[in-house]
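Next come the chains, spelled out residue by residue.
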Amino acid sequence: RAMEALSAAIVTSITTTLTPSDPSQTRVEIDLEGSCEEGSAKVTMSIVSAAFSGLPRLRRHKLVNSCMAPFLESGGGVHAVSFKCKSLEEEG
């Protein structure tokens, strides 16, 4: 249950930050491994968002990293994160 809650919190953070007026414009596929209780969860994500249109890869990653910052802090449950970002156009 803790992993499900962590997953839901991450997805909510990303969707509401990237596309606050229409969170449906961001899709997040997430996989968690490990234990969030021990702060050792590893997060792997694929993110497709209208917010990425026209942005270079580095800017996309900075946006996602800002969403993940609270989860990576001590007690946030996550110790590692990896992700791929695409715009809606790139997803096809």
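No experiment lies behind these values; they were computed from the predicted model shown.

(A) A look at the overall build of the chain. Within the chain, the secondary structure is distributed over three helices and three strands. Listed by position from the N terminus, the elements making up the chain come as α-β-β-α-β-α. Seen through its principal axes, the chain has C-alpha atoms that stretch 40 × 25 × 20 Å. Within the chain, the fraction of its 92 residues that count as buried is 35%. By sequence separation, contacts in the chain at least 24 residues apart represent 60% of the contacts at least 6 residues apart. For the chain, the exposed surface amounts to about 5,400 Å²; the carbon and sulfur share of it is 50%. When the 9 basic and 11 acidic side-chain charges of the chain are each reduced to a single mean position, those positions are 8 Å apart.

(B) A look at the nonpolar core. Ranked by size, the top nonpolar core spans 19 residues in total, and within it Ile10, Ile14, Met45, Ile47 and Val64 carry the most contacts. Of all elements in the fold, only α1 (2-18), β1 (26-33), β2 (41-49), α2 (57-72) and β3 (78-87) reach the threshold of two or more residues within this core. Here this core takes five residues from α2, the largest share from any one element. If near-sequence neighbours (up to four positions away) are discounted, isoleucine 10 is found in contact with Ile30, Val43, Met45, Met68, Phe71 and Val78.

(C) Molecular detail of the state of the cysteines. Using the criterion set out here, one finds zero disulfides in the structure. The thiol of cysteine 67 is unpaired, and the distance to the nearest cysteine sulfur, on cysteine 85, comes to 9.7 Å. Assessed through its relative accessible area of 13%, cysteine 85 is described here as buried.

(D) Fine view of α1. Between the first and last C-alpha of α1 there are 24 Å, a value that for 17 residues agrees with the 24 Å anticipated at 1.5 Å per step. Turning to α1, the residues buried within the fold contact β1, β2, α2 and β3.

(E) Region of interest: the sheet that holds β1. The three strands are arranged β1-β2-β3 in an open sheet whose pairing can be described as mixed. On the outer flanks of this sheet lie β1 and β3, each paired with one strand and no other. Put simply, the sheet's adjacent strands are angled 15° from each other on average, direction ignored. Pairing geometry for β2 and β3, over nine bridges, is parallel. Paired with isoleucine 47 across the two strands is cysteine 85, which belongs to β3. Lying over the sheet, α1 contacts β1, β2 and β3, oriented at roughly 150° with respect to β1.

Quick notes on the rules
By convention here, each chain's residues receive numbers from 1 onward along its written sequence. Totals for whole chains, interfaces and linings use all residues, but because this is a predicted model, local features are given only for residues with pLDDT of at least 70 and pairs of side-chain atoms are given and counted only at 80 or more. Where side-chain values are given, they derive from all heavy atoms of the structure, hydrogens and water being excluded. Only DSSP runs of H or I reaching four residues or more are called helices, and only runs of E reaching two or more are called strands; each is numbered from the N terminus. When a residue's accessible area, from a 1.4 Å probe over protein chains only, is under 20% of the maximum for its type it is buried; when over 50% it is exposed; and in between it is partly exposed. Here, two residues are considered to be in contact whenever any of their heavy atoms come within 4.5 Å of each other. Computed with the Shrake-Rupley method and a 1.4 Å probe, the accessible areas treat only the protein chains shown as cover for residues. When charges are counted, Lys and Arg contribute as positive and Asp and Glu as negative, whereas His and the chain ends are disregarded. Where a charge lies is defined by one atom per residue type, namely NZ (Lys), CZ (Arg), CG (Asp) and CD (Glu). Here the nonpolar core consists of buried residues drawn from Ala, Val, Leu, Ile, Met, Phe, Trp, Tyr and Cys, with membership extended through side-chain atoms lying within 4.5 Å. In this description, a disulfide is simply a cysteine sulfur pair whose atoms lie within 2.5 Å. Here the expected span of a helix is defined as 1.5 Å times the quantity of residues minus one. A pair of strands is labelled paired if DSSP reports no fewer than 2 bridges between them. Fitted lines through C-alpha atoms give the axes, limited to the stretch in contact for helices. The angle between two N-to-C directions lies from 0 to 180 degrees.

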